[in-house]
Amino acid sequence: MTSSSRFIALTGLLTVATVLLAATSPATAAQWEQKETHLRVFWHDVLSGNNATAVTVAEAASTNTSATQFGKVMVIDDALTLEPNLTTSKIIGRAEGIYVSAGKDTLSLMMAMNFVFIDGPYNGSSIAFFGPNFAERKVREMSVIGGTGVFWFARGYVEIMTQSNTVDTTVQYDIFVHHDG
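Residue positions within a chain follow its written sequence, with the count starting from 1. Reporting of local features is limited, given that this is a predicted model, to residues whose pLDDT is at least 70; pairs of side-chain atoms are given and counted only at 80 or more, and all residues count toward the totals for whole chains, interfaces and linings. For side-chain calculations, the full set of non-hydrogen atoms in the structure is used, while hydrogens and water are omitted.

Pairing of aromatic rings covers Phe, Tyr and the six-membered ring of Trp, with a centre-to-centre limit of 6.5 Å; geometry is then stacked below 30 degrees between planes, edge-to-face above 60, and tilted otherwise. This structure, assessed with the given rule, holds 10 aromatic pairs. Judged by centre distance (5.9 Å) and plane angle (50 degrees), the rings of Trp43 and Tyr173 are tilted. With Trp43 in strand E1 (residues 35-45) and Tyr173 in strand E9 (residues 169-179), the pair connects residues that are 130 residues apart, well separated along the chain. Both residues of the pair, Trp43 and Tyr173, count as buried. Among the aromatic residues, ring-to-ring pairing joins Trp43, Tyr99, Phe115, Phe129 and Tyr173 into one connected group. Two thresholds decide whether a charge sits over a ring: the Lys NZ or Arg CZ must be within 6 Å of the ring centre and within 35 degrees of the ring normal. Taking the ring centre of Phe134 as reference, the NZ or CZ of Arg137 above it sits at 4.3 Å. Think of it this way: any DSSP run of H or I at least four residues long counts as a helix, any run of E at least two long counts as a strand, and we number them from the N terminus. Only protein chains enter the accessibility calculation, which uses a 1.4 Å probe; a residue whose area is less than 20% of its type maximum is buried, one above 50% is exposed, and one in between is partly exposed.

All right, on to the pairing of strand E4 (residues 91-101) then. Bridge count between strand E3 (residues 73-81) and E4: 9 bridges; the pairing is antiparallel. Along E4, the bridge assignment pairs Ile76 with Gly97. Pairing between E4 and strand E5 (residues 108-117): 9 bridges, direction antiparallel. When the bridges of E5 are listed, Tyr99 appears paired with Met111. The hairpin turn running from E4 into E5, its antiparallel successor, is 6 residues long. What makes two strands pair is DSSP finding at least two bridges between them.

The phi dihedral of Gln69 is positive, around 55 degrees, even though this residue is not glycine. As for its position among the elements, Gln69 is in the loop between strand E2 (54-58) and E3. Of note, the phi angle at Phe153 is positive, near 60 degrees, even though the residue is not glycine. Summarising the element assignment, Phe153 is placed in the loop between strand E7 (139-148) and strand E8 (155-165).

Take a look at the structure:
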């Protein structure tokens, strides 16, 4: 086959492909639209008493001498509420996961957790978070990396701000998420 016949054949194939693509119905914006949700919840990390919701499961030999508790691994099952006061606000979910004190020189936590909703409009759904939590900053951000139920195909971010920090900690989570559900 000569160069000119190959060119004519290729041109013909491209023309047929273009006609076929034009004949198929294009995806509309509505088919690809995702919902955007903003919600605020309060995360309660309880380390004190018999009802602790965060427990140490591992630590390095040097953790107790480190100013940042470098190497400490915590497992959590923390309450989520709509108001900052744990004793007067209804629990709408649980934060289940782990955090690791990963900053040697600054208090930085690597967090991997799911917010599992057990009440309200998101009951039975969850949002997955992963990333660093630079605890010494007033406002921090982490990534939303997925979800279930209403939050299927979730992606977004969360802004985190500590409300009270004693032995037990209350943290405000402002979640901004795009999802299909």
